[in-house]
Structures are given as structure tokens and as C-alpha cells.
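For reference, the chains in residue letters:
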Amino acid sequence: MDRRTERDFWLEQAMAQWEVPLLRTCYLLLRDTALAEDAVQETFVKAWRFYDGYRKEASEKTWLMRIAVNTCRDLQRSKWFIHIDRRVNMDDLPESAVPFELPDDTVTNAILSLPTALRQVITLRYFQSLTVQEVAEVLHISRRTVHYRLDKAERYLKSSLEEWYNDQ
């Protein structure tokens, strides 16, 4: 099997396995369905382009999440990003890979209202089930920083959802 064929086969497998988790992550980071779809497409293009450089030191999921998070960061840094209406419509959320029903969208809205750094760690840790070490690798931060951000995000969510939780 020549290198190009192997790379193409890998891309098909990776897209089938990781497209939905990447789309959910990008959507939670960008809060825009079209941008999330663009970010996922760009993630796979970059992964395909740099497949030969993938050293397999991290899992495939961690490697792709790192590319996706960096792609989302690049989009957020662009000057036109601040002019986009990023109000969240819950019907636009991609389907979850794991079925999970909430009585309403309060939790998701609380997570979407977190500052970007906190939303990133919550999304990767709890929505994508990455370990703390993998989250640190994806975001290029220390494990200690991941723990700090998780703790801060959890405290924020606990206080903002306390009334909602007690009503349930």
C-alpha cells in the first residue's frame, strides 16, 4: 500500500470515528454551527496534510482535538470573528455521540456562557472524556492549570446552576 493510499484510508476512518465529537467540541468553542463545520473540515485537511508528521506519541483523538482546538483559536483570533452573531440556538447543536437527556437546556447554556478558557477544559474533559493529561496536551498547558480551570469552572457552574438543580 503506497503512502497516499494509506493516508486516504486513514482519513476516511478518522472522519467516520471522530467527526461528530470534533463537531460538538468546535461548536461548544465557537458557538456557531457553520464555523464549527468549517473548523472540523479544516481540522481534517490539516491532519491529512501532516499525517506523515504524526508521531503517535498521543492518541489519535488527542492529536485531532489539539488540531481542532487550535483551528478554533485561529478562527476566534480573526478580526471578523467579533462581528459574527454567536447567539446559541439549542436546535443547532450536533447530535451527541452518547445519548443524554436533560429536562431543559439550562446546563448547556451555563457551559456556553463560561469564558473560553474554562469552556475549553470542561468541553474536552467532560464532553470528550479526555484525561487531565490529554486536556493539558491538547491545550498546551500544564496539568495544574487544567485542574485549576476545571475547579474554577465547576465552582462557577455550581453557583449558576444551584437554583436550577434544587428545582429538579
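So, a few notes on the structure that sits alongside this text. The shown structure was predicted, so the numbers you read here are calculated from the model rather than taken from an experiment.

Here the focus is a negative patch on the surface. Judged by side-chain charge, E19, E37, D38 and E42 come together as a negatively charged surface patch. Element by element, the count of residues in the negative patch is highest for helix 2 (residues 33-49), at three residues.

Before going further, it helps to examine the nonpolar core. In terms of nonpolar packing, the biggest core is built from 46 residues, with W10, L22, F44, L64 and L124 touching the most fellow members. Elements with a contribution of two residues or more to this core: helix 1 (3-30), helix 2, helix 3 (60-77), helix 4 (106-112), helix 5 (116-127), helix 6 (132-139) and helix 7 (143-167). Per element, the largest residue contribution to this core is 10 residues, and it comes from helix 1. With near-sequence residues (within four places) excluded, W10 lies in contact with A47, W48, Y51, E60, W63 and L64.

With that out of the way, let us pick up the packing of helix 3 against helix 6. Direction vectors running N to C along helix 3 and helix 6 enclose 45 degrees, while the axes themselves pass 8 Å from each other. Here helix 6 runs oblique to helix 3, going by the angle between their axes. For the pair helix 3 and helix 6, the sense of crossing is right-handed. Contact residues: T62, M65, R66, V69 and R73 in helix 3; E134, E137, V138 and L139 in helix 6.

Quick look at the packing of helix 2 against helix 3 now. The N-to-C vectors of helix 2 and helix 3 enclose an angle of 130 degrees; their axes lie 9 Å apart at closest approach. In this view, helix 2 runs oblique relative to helix 3, as classed from their interaxial angle. Regarding helix 2 and helix 3, the two cross each other, and that crossing is right-handed. Within the contact between the two elements, helix 2 uses L35, A39, E42, T43, F44, K46 and A47 and helix 3 uses W63, L64, I67, A68, T71, C72, D74 and L75. Partitioning the contact of helix 2 with helix 3 into residue classes produces 10 nonpolar, two polar and three charged.

Okay, unusual backbone geometry next. The bulk of non-glycine residues show a negative phi, and the bulk of peptide bonds are trans. In the Ramachandran plot, S129 falls in the positive-phi region, its phi being about 55 degrees despite a non-glycine side chain. As for its placement among the helices and strands, S129 is situated in the loop between helix 5 and helix 6. Taking relative accessible area as the criterion, S129 reaches 55% and is therefore assigned exposed. One non-glycine residue, H140, lies in positive phi territory at about 60 degrees. Mapped onto the secondary structure, H140 falls in the loop between helix 6 and helix 7.

Reading the values: the criteria
Residues numbered from 1 in each chain as written. Predicted model: local features only at pLDDT ≥ 70, side-chain atom pairs only at ≥ 80, totals over all residues. Heavy atoms only, no water. Patch = residues over 30% accessible without salt bridge, like charges linked within 9 Å, V, L, I, M, F, W, Y side chains within 5 Å. Areas by Shrake-Rupley, 256 points an atom, 1.4 Å probe, with all protein chains shown as cover. Salt bridge = Lys/Arg side-chain N within 4 Å of Asp/Glu carboxyl O. Lys, Arg positive; Asp, Glu negative; His and termini not counted. Charge placed at Lys NZ, Arg CZ, Asp CG, Glu CD. Helix = DSSP H or I, 4+ residues; strand = E, 2+ residues; numbered from the N terminus. Core = buried A, V, L, I, M, F, W, Y, C linked by side-chain atoms within 4.5 Å. Buried < 20%, exposed > 50% of the residue type's maximum accessible area, 1.4 Å probe, protein only. Contact = heavy atoms within 4.5 Å. Axes fitted to C-alpha atoms, helices over the stretch in contact; angles between N-to-C directions. Parallel < 35°, antiparallel > 145°, perpendicular 65-115°, else oblique. Left-handed = near helix turned anticlockwise from the far one by under 90°. Nonpolar A, V, L, I, M, F, W, Y, C, P; charged D, E, K, R; others polar.

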